Every structure is written in C-alpha cells, then in structure tokens.
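Architecture and fold: a report
Each chain, written out:
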Amino acid sequence: MSSSVFFDISAGAYIAAMIIYVIYLVTRNRTVGITATSVTFLGFLSQSAAFIIRWANSYTFWQAEHPASGVLESLLRGAPLRNLYESLIFFVWSIILAHLFIEHKYKNRSLGAFVTPIAALALLFIDVSGTSKELQPLIPALQSNWLLFHVLLSFLGYAAFGISFGAAAAYIIMVSESRTEKTYIFWSVIIGIFLIILIAMGIDFMSLSAAERAQLIQSHFLKTTFRSSSAGIAAASWAAGIALIFVLWYTGLGLKKVLNNLALTPAMLDDIAYKSIAAGFPLFTIGGLIMGAIWANSAWGKYWTWDPKETWSLITWFVYALYLHARFVGGWRGKRVAILAIVGFIAVIFTYLGVNLVLSGLHAYGSE
Amino acid sequence: MKDNEKENKDIFEKVWGFFASVKLAIFLLIILALSSIIGTIVEQNAEPARNIALLAKFFGDSAAPSVYNIFAKLGFMSMYDSWWFVSFLALFSINLIVCSIDRLPKTWHLIQTPLRPLADTAIRSLPIKKEASFNTGLNIVKDEFSNTLRTSKFHVHEASGEGSFQLYSQKNRYSRLAVYVVHLSIILIFMGAMIGMRFGFKGYLNLPEGIASDVAYESPTKEIPLGFTIKCNWYDTQYYEGMDAPKEFQSELVIIENGKEVLKKVIEVNDPLTYRGITFYQANYGMLQERTHGDFILEVAPAGGQGNTFRLKFGEPFEIPGTGITGRVVDFSPALTRDRETGRLITYADSMVNPAVAIEFSEPGKPTYTGWILRRYPETGILPGGHRIRLMDYWGIEYTGLQVAKDPGVWLIYLASIIMAIGLYICFFISNKKIWINIKGDKKTVHVTIGGSSSRNRLAFENEIDKILSHASKAIEGRST
C-alpha cells in the first residue's frame with residue numbers, strides 16, 4: 001500500500017478520535033475512553049507506517065538520482081521533512097506521540113479532547129492550504145546533514161509547545177470565574193481567531209478550482225472572505241467573525257463544568273504546561289536555533305542574519321525564556337504564565353506559518 | 001568621610017540590585033521580543049521605495065513618506081544594528097552577567113553545604129515520603145539500603161543513634177550550576193559575534209568562468225584584498241531528470257598563490273571552500289551580458305565510433321571525423337522550449353535552464369540543414385546517419401556568485417553552542433536529588449521511613465524512590481531467608 005493510504009487512515013482516525021474524546025468528556029464512560037485511546041494509537045501506527053514508506057520512496061528517488069551516494073547519506077537526504085506538507089505531517093505525528101505519552105504518564109484521558117483538535121486542525125490546514133503532496137526532489141539548499149536533525153528537533157519542540165498550549169487553554173477555562181475576566185476574554189479571542197482563520201481557509205478552498213488550490217496560501221489567502229474585493233462580503237466576514245468570537249465567549253465558560261466533572265485539576269494542567277515547555281525549550285533551542293544557525297553558516301557563511309524566520313524563532317525563544325524565568329525566579333503563577341504559554345505557541349505558529357504566508361525570507365522555499 | 005562611603009556603597013548596591021533584578025530580565029525579554037517584530041515587517045536595508053509602498057498600505061499614500069522618515073529616524077530601516085536595539089542587547093548581557101554573579105555564590109554555598117541528617121518529623125514532611133517495615137536485623141536493612149543507594153549513584157552518609165540508623169544521601173548536586181552554564185554560553189555567543197564583526201568580513205564575488213580575482217567586495221565600491229588569487233574554472237547547474245528543479249549548483253574553484261595552483265575544489269551549496277580562514281560559498285549564478293569569449297564544448301562521435309571533444313567559437317566549423325560532414329554553431333538559446341500554443345521554439349528563461357545550440361550541417365552534394373541540440377535531451381543530437389553530437393557546455397558566458405566570508409569568531413559560537421546544549425540538557429533533565437532514610441527497630445521488626453526532595457521533576461524522582469525501595473526490599477528478603 002502506498003503511504004497516502006496509510007496517511008488517510010491516520011487522518012480519519014485522529015478526527016474520529018477527536019470526536020470520541022469529546023464524547024468521553026461528556027459521558028465519562030470508560031469504554032469510550034479506551035476506544036478513543038485505541039483509535040488514536042491506531043492512527044499513530046498507521047501514520048508511522050506512512051512516514052516510513054514515504055521515507056523509503058524518497059530514499060529510492062535520491063539513490064536513483066545520485067548513484068554515488070552511500071546508504072547513510074541517502075537516508076539523511078531522503079528524510080521526508082522537506083516542505084510545508086511533510087513538516088506539518090511530522091508535527092501532527094509528534095504531537096500525537098507526546099499526547100499518548102502524557103496520557104500514559106498522567107493516567108488521564110481528558111487532555112485528549114484538547115490535543116486531538118490541534119492535530120485535526122493541522123490536518124485540516126494541510127488539506128485546505130492545498131500544499132503539494134507529491135514527492136519533491138531535494139533542492140541544493142536543503143542538501144545538508146543538518147536538515148534531518150534541525151527539522152526533527154524543532155518539530156518535536158513545537159509539538160511540546162502545542163501540548164502546553166492545549167493545557168494552558170484548558171487551565172484558563174478551569175480557573176475563570178466570570179466572562180468579564182480579562183484572561184477569559186483573551187482566551188475566547190485567541191481560540192476564536194484560530195477557528196475563524198481555519199473556516200475562512202476552508203471557504204477559500206471550496207471556492208477555488210483544483211489548479212488554484214495549490215496557490216491558496218501564496219495568492220488566495222482569505223480572498224473569498226476577509227480580503228474579498230467586494231466590500232460587502234468583507235464586512236459580512238468581519239461581522240461573522242466577531243459573532244463567532246462572541247458565541248465562543250458566551251458559551252465557552254460552559255466547558256468549565258465539563259472539565260470540573262473530570263479528574264482534571266488546574267494544578268495538573270499547570271504542571272503539564274510547564275513540563276511540556278521544559279521539554280520543548282531545550283529541543284527548540286538546540287534543534288531550531290543552534291542547529292539552524294550552524295546550518296546557515298555552512299551554507300551561506302552567516303550564522304545569523306536577522307531574516308524574518310530567524311527573528312521570529314528568536315521571538316519565540318524570548319517568550320518561552322520569559323515563561324521559565326517569570327515562573328521560577330519572578331514568582332509568576334497561574335493565569336499570567338498560562339497566557340505566556342498561549343502567546344508562546346502563537347509565536348511558534350507565526351514562526352512556522354506566518355513568516356511564509358505574510359513575510360518572506362531566506363526560508364521562502366518552505367512555502368512550496 | 002564615613003557617611004560618604006556608606007552613601008557610595010548604597011548607590012552601588014542600588015545599581016547592582018537594579019542590574020541583578022528579575023524584573024529587569026523580564027522587562028528586557030518582553031521589550032526585545034516586541035521590538036524584534038518591527039524588523040520582520042519593515043524590510044531591512046531595502047530601497048526606500050519598497051518600504052514606502054509597504055507603509056502606504058497602512059497609512060495611505062500621502063502619509064507614507066513622512067511615516068517613512070520618522071521610522072527611518074528611529075532606526076527601523078536597519079533596526080537590528082540601531083543604537084537603541086544594540087543598547088537593549090547590551091543591557092540584556094549586563095543583566096545576565098550581573099544576576100549570575102549575584103546568585104552564583106548562593107548556589108555554590110548550597111552545593112557545598114554538607115547534607116545533614118534530619119529528624120523523623122522533618123523526613124515525613126518532605127515532598128516524597130515512603131514507609132516500609134521488615135522482619136529482620138537492623139544491620140541487614142541498613143546495608144541493603146546503603147548498597148541500593150550507591151548503585152543508583154547516590155553519595156551516602158550514615159549517622160547512628162540508639163537502635164537506629166539514618167542514611168542521608170544526594171546526587172547530581174552540581175546540576176544546580178547548569179543555569180549559569182547556559183547564561184555563560186549566551187555571553188560567549190555575544191563575544192563570538194563581536195569578534196566576527198571586528199576582525200572578520202562578509203563579502204561577495206561574482207566570478208565569470210575562466211576569470212581570476214584577488215579581491216572580494218563588501219559593496220560595489222569597497223574591495224577586500226584576499227591575499228591570494230581565486231579562479232573559477234567553470235560553473236554548472238544540474239537539473240533533476242525531466243524537471244526544472246535544480247539538483248546542484250556547482251563551481252570548480254582554484255586557489256593560486258605566487259603563480260602556482262595550490263588548491264582545487266568543486267564547491268556546492270552546503271559544501272564551501274576554505275583557504276587561509278576565508279570561505280567561499282556557492283550562493284548565486286548568472287549569465288554575463290557581454291558574451292565575447294564563449295566556447296561551445298561539443299562531444300562529436302561518428303556512427304559506431306569514439307567521441308571527440310571540440311572547443312568551438314560561434315560559427316567556427318568542425319568535421320564529424322571521417323564522414324566529410326561539417327557543422328557550425330549558428331544559434332544559441334539558454335533555455336529552449338516549444339511554445340504549447342504556436343509550436344514555435346522559444347527561449348523561456350534568462351539563465352541556462354535548458355541550453356541548446358542550433359548547428360548547421362553541410363554534406364558534399366546535399367543541401368545544408370539546421371537542427372537544435374538540447375543539452376538536457378541528448379537524443380536531440382542523434383543525426384540521421386547515427387552520428388552523435390552532444391552539447392557539453394557553453395563555457396565562458398556564466399559567472400558563479402560567491403559569498404565570501406571570514407569569521408574568526410565562529411569557533412567561539414560553535415563552542416558556546418555545545419556548552420549551551422549541554423547546559424540546557426542538564427538544566428532541564430538532571431536534578432539534584434536528596435534522600436533521607438531513617439531505619440529504626442527492635443529485635444523483631446525494623447521500620448523504615450524514606451523522604452526525598454529534588455530540585456526538579458518530582459514525579460520522576462518518586463518513581464526512582466519506588467524502585468530503590470523495591471530493589472532494597474527484594475535484597476533484604478533474599479538475605480533473611
């Protein structure tokens with residue numbers, strides 16, 4: 001079977017798992033919980049198979065083009081972590097891995113309802129962004145031994161940050177007392193914007209022809225809604241967006257009751273958010289910043305050029321460094337650090353996607 | 001005099017306290033993160049027109065030029081080396097150094113202070129506590145716990161009282177220094193960057209095929225002498241079969257010193273050439289405007305025969321050996337393709353994506369004919385009689401774009417990176433763990449109280465203590481039966 005079949009199975013499994021986890025949240029039925037975990041695990045196995053098959057295909061492709069390459073070199077060059085599509089897939093794989101690990105460690109399934117949506121959203125994003133799924137030849141700039149380790153560690157770091165985002169978002173709901181609290185308003189706006197962008201991209205996707213879809217991010221991003229040439233449609237989109245945030249703000253506090261009924265405690269969520277950042281920070285610093293700089297130096301003779309991608313990864317680093325210092329030596333606790341964990345993950349998303357969508361830089365090849 | 005000294009000391013302490021404070025660190029991290037965003041939106045060191053066009057989107061066409069001027073005055077157009085951003089970075093490093101110096105003695109004292117036995121109540125109030133009892137001798141229990149702790153790499157001390165023992169132990173106490181190691185590595189990175197800026201350079205050099213240079217350029221008007229000569233033998237772009245995706249950008253470079261060739265290397269992206277501390281990176285390529293000395297390199301083979309290589313000027317005739325057929329290059333295209341609609345041959349790019357030559361053939365007694373031979377499609381060079389002509393290169397019309405850099409600070413950056421990686425690993429994954437075990441008993445039963453604390457990751461330490469307990473219990477049972 002080809003890798004795409006296994007991948008489709010895993011995508012289906014994660015989306016099903018997301019629904020089952022939500023049912024588990026409501027019913028708290030043990031069988032439902034076990035089913036959710038099993039479906040997630042099956043999806044994970046299937047995606048691992050897809051990953052290995054894609055790597056093997058890409059290895060063969062490299063070998064055919066570079067017969068002089070050794071096994072190790074071909075393995076390194078064949079690593080399926082070359083473009084937006086492949087790296088997002090790997091992000092999903094890492095976050096599911098981290099989630100299964102945490103579920104096992106904390107013996108609590110409730111977090112799945114917060115983590116599987118991140119994976120499902122990333123999968124949905126892959127689909128609606130129309131990124132090319134074909135096996136692409138490796139361009140010269142990426143033909144480096146650093147590619148595998150740089151991307152691998154960065155994305156494991158991103159996945160850990162993703163988990164901390166999920167935990168911090170759940171934490172904020174649990175400790176919010178009323179809708180007028182600033183933290184709660186912040187929460188509804190952020191989660192609302194996430195959903196709105198995804199929905200708007202879905203509308204873009206549906207309105208475009210198959211050929212145009214490949215260019216969705218570069219040339220059609222939100223053009224059917226918020227950036228529409230018709231002022232009426234744009235205004236209606238803004239109105240609908242604001243309405244969605246309002247609904248989220250109005251109903252979001254209801255989630256608190258659900259969470260309170262579960263074995264989840266704010267202390268546990270706070271602990272998960274912190275531990276994920278404690279694991280993600282060294283991974284991201286070493287894999288993202290240090291290896292990226294060393295690679296840039298060996299490719300261009302400059303380890304740091306302040307291009308937007310580098311600068312945004314440094315901004316991300318500043319935010320998480322702030323989280324760690326504020327918490328350890330600054331005495332910050334509770335909602336304030338939870339907000340930092342959320343801001344940190346927004347910086348991650350901007351580093352990875354925003355720079356390619358909105359800004360351009362040396363890393364422009366990532367948007368292909 | 002005394003008052004004055006005291007006042008000076010007070011001021012010094014205030015200043016010191018300011019630079020050592022966490023508040024300053026938090027403020028600087030926030031301000032650095034926020035201000036860094038500006039330079040990712042405003043294009044850095046760009047033509048003014050580009051940023052004015054960008055600003056017009058936000059402030060309107062009429063206001064954009066004045067907004068641009070204000071932004072330019074604030075240093076936003078080259079903000080990462082503006083005085084205020086550099087000042088924040090300087091403050092950040094001072095903060096880092098002062099707070100480390102401020103805190104290090106306290107941490108050092110904590111590390112050096114010997115562990116002391118604790119009272120039973122104190123052990124019970126530790127974050128992790130376990131209890132067990134055994135029906136065997138006091139000494140057996142003590143020995144086995146002591147052995148188990150030692151195999152888990154704990155430094156074990158012993159205190160004895162009346163009918164009781166206490167084992168108190170710790171490990172990884174130096175891991176508390178890791179955070180200072182990380183801070184140090186950041187300072188080393190700043191130092192490495194400064195060495196690079198002061199003693200190194202970043203330049204470029206566009207070198208046509210066959211041309212040599214003994215300088216690189218920092219700007220069109222600023223030359224940097226290399227101290228030796230570098231020559232480009234050839235430049236070549238290779239493509240993946242049947243695709244326009246580049247597979248490799250390559251140049252063959254030669255270093256010449258005192259008229260002698262001392263080093264030759266084919267460089268690629270990610271595989272540069274270094275000589276005397278100066279590194280040449282494959283960064284770019286292009287075609288020359290003036291094509292005065294191009295050579296067509298053709299491999300010509302008569303049907304069934306061996307290939308011969310010819311270097312030919314434009315229009316210069318050659319003969320397919322032993323056939324009497326002569327040819328000459330009459331046209332060249334760097335990127336030839338057939339237009340999908342009209343079917344006519346067109347050039348679709350300015351660079352040598354798909355180089356092709358038109359060769360006019362003459363055979364005695366036959367009319368002349370012309371055919372295009374494409375480099376990436378060798379089958380286009382097979383003539384009706386089975387003779388083969390391959391276009392190997394059109395040499396001398398391309399240049400290689402080299403990034404030229406000398407950075408004597410880069411070794412320090414690499415060293416600092418290694419130190420930072422080790423520091424971060426220890427900081428987040430290794431913790432200072434302490435265990436106290438009280439062993440008390442009469443002749444029949446021995447009661448054991450275990451208490452532990454760690455600087456990080458209590459959960460993992462609790463698992464470790466569980467393992468120590470079960471391991472020791474097994475060993476004790478093994479000895480008492």
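Further up the page is the structure itself.
Remember, predicted model here, so these are calculated numbers, not experimental data.

Residues and elements named next belong to chain B. With antiparallel pairing, the three strands of this open sheet are ordered in space as β12-β11-β19. Unpaired on one side and paired on the other, β12 (308–312) and β19 (388–395) mark the two borders of the sheet. Strand after strand, the sheet turns through a mean of 20 degrees between neighbouring axes, direction not considered. Summarising the sheet, strand β11 (residues 295–301) and β12 pair through five bridges and their orientation is antiparallel. Across the sheet, residue E299 finds its bridge partner in β12, namely T309.

A separate point is the sheet that holds strand β18 (residues 369–374) of chain B. Residue and element names in this part refer to chain B. Sheet architecture is open: four strands sit in the order β13-β14-β17-β18, paired in antiparallel fashion. Each end of this open sheet is capped by a strand with a single partner; those strands are β13 (317–319) and β18. Going from strand to strand, the sheet's axes swing by 35 degrees on average, the running direction of each strand aside. In this structure, strand β14 (residues 326–333) lies alongside strand β17 (residues 356–362), joined through seven bridges in antiparallel fashion.

In this approach, a probe sized like a water molecule rolls over the atoms, and the result shows the empty space that is left. Residues and elements named next belong to chain B. Enumeration according to the criterion identifies four cavities of 30 Å³ or more in this entry. Empty space within the second largest cavity amounts to approximately 60 Å³. In terms of lining residues, the second largest cavity is bounded by D236, T237, Y239, M352, V353, P355, R375, R376, D393 and E398. Per-element accounting of the lining of the second largest cavity gives the leading share, three residues, to strand β6 (residues 222–239). Residue-level mapping places the lining of the second largest cavity at the junction of two domains, with at least three residues from each of domain 3 (194–289 + 399–420) and domain 4 (295–395).

All right, on to the layout of surface pockets then. By volume, the second largest pocket is sized at about 1,600 Å³. Around the second largest pocket, the lining is made up of 48 residues, and of these L121(A), I193(A), F194(A), L195(A) and I349(A) lie nearest the centre.

Attention shifts here to unusual backbone geometry. Of note in this structure, R28(A) is not a glycine but carries a positive phi near 55 degrees. On the secondary structure map, R28(A) appears in the loop between α1 (3–27) and α2 (30–65). Of note in the backbone geometry, N270(B) takes a positive phi value of approximately 75 degrees without being a glycine. Take N270(B): it is sitting in the loop between β8 (260–268) and β9 (273–275). Residue classification places N270(B) among the buried positions, given a relative accessible area of 16%.

Residue and element names in this part refer to chain B. Relative to β6, strand β5 (residues 212–219) runs antiparallel, the two sharing six bridges. The partner of S219 across the bridge, within β6, is K222. Following β5, the chain reverses through two residues before pairing antiparallel with β6.

We now examine the packing of α1(A) against α2(A). Residues and elements named next belong to chain A. Contact geometry for α1 and α2: axes closest at 8 Å, N-to-C directions at 160 degrees. The pairing of α1 with α2 is recorded here as roughly antiparallel in orientation. For the pair α1 and α2, the sense of crossing is left-handed.

Further remarks concern the pattern of salt bridges. Throughout the structure, instances matching the rule amount to 30 salt bridges over all chains. Residue R54(A) is joined to E86(A) by a salt bridge in which the shortest nitrogen-to-oxygen separation is 2.8 Å. Taken together, the residues span a long stretch of sequence, with R54(A) in helix α2 and E86(A) in helix α4 (residues 84–106) at a distance of 32 residues. By relative accessible area, which is 12% here, R54(A) ends up buried. We classify E86(A) as buried; its relative accessible area is 2%. Between E86(A) and R82(A) there is a salt bridge, and its shortest N-O distance comes to 2.9 Å. Judged by relative accessible area, R82(A) falls into the buried class, the value being 10%. Taken together, the salt bridges that share partners define one network made up of K130(B), R458(B), E462(B) and D466(B).

One pass over the structure, following the stated rule, counts 53 aromatic pairs over all chains. Consider the rings of W249(A) and Y250(A), whose centres lie 6.5 Å apart with planes at 55 degrees: the pair is tilted. Overall, Y250(A) belongs to the partly exposed group, its relative accessible area being 48%. Summarising the aromatic geometry, the rings of F296(B) and F314(B) are spaced 6.2 Å apart at their centres and angled 45 degrees between planes, so their arrangement reads as tilted. Residue F296(B) is located in strand β11, and its partner F314(B) is located in the loop between β12 and β13; the two are separated by 18 residues in the primary sequence. Its relative accessible area of 51% is what places F314(B) among the exposed residues. In textbook terms, an aromatic cluster arises when at least three aromatic residues are bridged by ring pairs, as seen for W304(A), W306(A), F59(B), F71(B), F76(B), Y80(B), W84(B), F85(B) and F88(B). One cation-aromatic arrangement involves K142(B) over F165(B); the distance from NZ or CZ to the ring centre is 4.4 Å.

Each partner contributes residues to the interface: chain A has 48 residues there, and chain B has 48 residues. Overall, the association of chain A and chain B removes approximately 4,100 Å² of surface from exposure, summing both partners, and the carbon and sulfur fraction of that is 71%. Linking chain A with chain B are one salt bridge, by the criterion used here. Between E65(A) and K247(B) there is a salt bridge, and its shortest N-O distance comes to 3.0 Å. Mapped onto the side of chain A that touches chain B, the elements with two or more residues apiece are α2, α12 (266–300) and α13 (308–328) of chain A. Top element by residues in the side of chain A that touches chain B is α12(A). It accounts for 15 residues. The residue makeup of the side of chain A that touches chain B, split by class, is 34 nonpolar, ten polar and four charged.

Here we take up helix α10 (residues 458–480) of chain B. All names here are of chain B. A rise of 1.5 Å per residue sets the reference length of α10, with its 23 residues, at 33 Å; its end C-alpha atoms lie 33 Å apart and thus fit the reference within 8%. Of the residues making up α10, those classed as buried are F461, E464, I465, I468, L469, A472, S473 and I476. Where α10 is buried, its residues contact β1 (128–134), α7 (138–151), β3 (164–171), β21 (433–441) and β22 (446–454).

Procedures and definitions
- Residues numbered from 1 in each chain as written.
- Chains lettered and ligands numbered in written order.
- Predicted model: local features only at pLDDT ≥ 70, side-chain atom pairs only at ≥ 80, totals over all residues.
- Heavy atoms only, no water.
- Pairing = 2+ DSSP bridges.
- Helix = DSSP H or I, 4+ residues; strand = E, 2+ residues; numbered from the N terminus.
- Axes fitted to C-alpha atoms, helices over the stretch in contact; angles between N-to-C directions.
- 1 Å grid on protein atoms, 1.4 Å probe; cavity = no way out; pocket = protein on both sides within 12 Å on 5 of 7 lines; lining within 4 Å.
- Points joined across faces, edges and corners; volume = space filled by probe spheres on them.
- Domains from an automatic or database assignment.
- Buried < 20%, exposed > 50% of the residue type's maximum accessible area, 1.4 Å probe, protein only.
- Parallel < 35°, antiparallel > 145°, perpendicular 65-115°, else oblique.
- Left-handed = near helix turned anticlockwise from the far one by under 90°.
- Salt bridge = Lys/Arg side-chain N within 4 Å of Asp/Glu carboxyl O.
- Phe/Tyr/Trp six-rings, centres within 6.5 Å; stacked < 30°, edge-to-face > 60°.
- Lys NZ or Arg CZ within 6 Å of the ring centre and 35° of its normal.
- Contact = heavy atoms within 4.5 Å.
- Buried area = accessible area lost by both parts, 1.4 Å probe.
- Nonpolar A, V, L, I, M, F, W, Y, C, P; charged D, E, K, R; others polar.
- Expected span 1.5 Å × (residues − 1).

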